[in-house]
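Structural features, examined
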Amino acid sequence: MAARSIANANISFGLVSIPVQLYTATASKSVRFHQLHAKDKSRINYKIYCPKDDAIIDRSELVKGFEVEKGQFVIFTEEELDALEARDDHSIEISEFVPLASVDPVYFETSYHLGCEGASARAYKLLADAMESTERVALAHFTMRGKEHLVLVRPYEKGLMMHTIYYADELRRISDVDRAASVEVKQTELDLAKRLIDELTHENFDPVKYHDNYRERVIEAANRKVAGREVTEAAPEAKKAQVIDLMSALKASLEKRGAKHGASEAEEKSEGEKPATRTKSGARSTVTGREKRSATAKR
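This is a predicted model, so every value here is computed, not measured.

Glancing now at the overall build of the protein chain. Along its length, the protein chain carries 6 helices and 13 strands. Buried positions account for 18% of the 299 residues belonging to the protein chain. Long-range contacts, defined here as pairs at least 24 residues apart, represent 55% of the contacts in the protein chain between residues at least 6 apart. Only carbon and sulfur atoms are counted for the fraction: they give 52% of the accessible area of the protein chain, which is about 25,200 Å².

Written out as structure tokens, the structure is:
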């Protein structure tokens, strides 16, 4: 099925204006369960209940209130809310370019692909290539569904992608979170930790090798139920031991990763060596498999 755009927009900066189309870039596949009536397995409906009147009320009786203090609300009509909404001019108005590394991922919210229109293909490609070569991303404002968003536009897969990002005051404070600021780390511990990180480091992120195991188990169990087979429980995961000695844990991790590699090297070495013999002078000597093959070739 061809992708369907959800909105039209214009990337603008200076005197440049580039028409683009927005496409949702992600789709959650988390499993969802519906609430059913156990008696007849029918979907249930939620009613709107007023605890003060102890009665079920109709949706037409609802109004929108903004809580100014605990338990105190001011009422807004739909007309008043419409007047407060930002005017949607479809403009992604760039205010500045910054290095991508300067924007912490905690600010990222929702992702959208930006597709070009036929008439804007050259300008679109020029902007994408320029941002790619300068390793810069754009910060802009964009109005969508009446709400102003701070967005980030960046090069992605030879094109452009847009992310809505959180405002600074939307991030929760971490001042009360213990982040071990007073703990001192020994250089030997740091060196071992860096070695372990190096052992586990890959050049690129490959998302395909990661799976939602819970979703897969639920789908498999649901299919077994449909087929009339019994659902079996997954084997419990082994509990990880509590780390008491950091140095020992780091060393053990490195030894575990190097055990197989080290064993194969030792095996190759043992196969390539001949038992030690004594020379005429009585000294012990060892002839390797490589030397033996070389001597045979010369003969």
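Further remarks concern the side chain of H149. Its place among the elements puts H149 in strand β10 (residues 147-156). Contacts of H149, omitting those with residues within four sequence positions, involve A140, H141, F142, M144, T164 and Y167.

Moving on to a negative patch on the surface. Together, D53, D54, D58 and E61 make up a negatively charged patch on the protein surface. Structurally, the position occupied by D58 is in the loop between β4 (55-57) and β5 (64-69).

Moving on, we get to the sheet that holds strand β1 (residues 7-13). Pairing is mixed in the closed barrel, where 7 strands are placed in the order β1-β2-β8-β11-β10-β9-β7. The mean angle between the axes of side-by-side strands here comes to 40°, regardless of whether they run parallel or antiparallel. Bridge count between strand β2 (residues 16-24) and strand β8 (residues 108-116): 5 bridges; the pairing is antiparallel. Bridging across to β8, L22 finds its partner in L114. Where helix α2 (residues 121-134) meets the sheet, it contacts β1, β2, β7 (91-99), β8, β9 (136-144), β10 and β11 (159-165), and its direction lies at approximately 70° from that of β11.

The next point concerns the side chain of R154. Among the secondary structure elements, R154 is positioned in strand β10. The charged side chain of R154 is buried without a salt bridge, its nearest counter-charge being E132 at 7.8 Å. Among the polar contacts listed, one links the side chain of R154 to the side chain of H163, at a separation of 2.7 Å.

For the rest of this paragraph, the subject is the nonpolar core. Grouped together as the largest cluster of nonpolar side chains are 21 residues, with contacts concentrated most on I11, I92, L114, L160 and M162. Sequence-distant contacts of M162, that is, excluding residues within four places in its chain, are made with L22, I92, T110, S111, Y112, L114, F142, V151, L152 and V153. Grouped together as the second largest cluster of nonpolar side chains are 7 residues, V103, V137, L139 and I165 included.

In this section: the packing of aromatic side chains. Taken as a whole and assessed by the stated rule, the structure comprises 2 aromatic pairs. Ring centres of F13 and F97 lie 5.8 Å apart, and the angle between their planes is 85°; this geometry places the pair in the edge-to-face category. Taken together, the residues F13 in strand β1 and F97 in strand β7 connect sequence positions 84 residues apart.

Another aspect to go through is the pattern of salt bridges. Per the stated rule, a full pass over the model turns up 4 salt bridges. Linking K64 and E78 is a salt bridge whose minimum nitrogen-to-oxygen distance equals 3.7 Å. Of this pair, K64 sits in strand β5 while E78 sits in helix α1 (residues 78-84); the two residues are 14 residues apart in sequence, bridging distant segments of the chain. Note that R224 and E220 form a salt bridge whose closest N and O atoms lie 3.1 Å from each other. Of this pair, R224 and E220 both sit in helix α4 (residues 213-226), 4 residues apart, which is roughly one turn of that helix. The exposure class of R224 is buried, given its relative accessible area of 15%.

Scoring rules and cut-offs
- Residues numbered from 1 in each chain as written.
- Predicted model: local features only at pLDDT ≥ 70, side-chain atom pairs only at ≥ 80, totals over all residues.
- Heavy atoms only, no water.
- Helix = DSSP H or I, 4+ residues; strand = E, 2+ residues; numbered from the N terminus.
- Buried < 20%, exposed > 50% of the residue type's maximum accessible area, 1.4 Å probe, protein only.
- Contact = heavy atoms within 4.5 Å.
- Areas by Shrake-Rupley, 256 points an atom, 1.4 Å probe, with all protein chains shown as cover.
- Patch = residues over 30% accessible without salt bridge, like charges linked within 9 Å, V, L, I, M, F, W, Y side chains within 5 Å.
- Salt bridge = Lys/Arg side-chain N within 4 Å of Asp/Glu carboxyl O.
- Lys, Arg positive; Asp, Glu negative; His and termini not counted.
- Charge placed at Lys NZ, Arg CZ, Asp CG, Glu CD.
- Pairing = 2+ DSSP bridges.
- Axes fitted to C-alpha atoms, helices over the stretch in contact; angles between N-to-C directions.
- Polar contact = N/O pair within 3.5 Å; in protein donor to acceptor, adjacent residues only side chain to side chain.
- Core = buried A, V, L, I, M, F, W, Y, C linked by side-chain atoms within 4.5 Å.
- Phe/Tyr/Trp six-rings, centres within 6.5 Å; stacked < 30°, edge-to-face > 60°.

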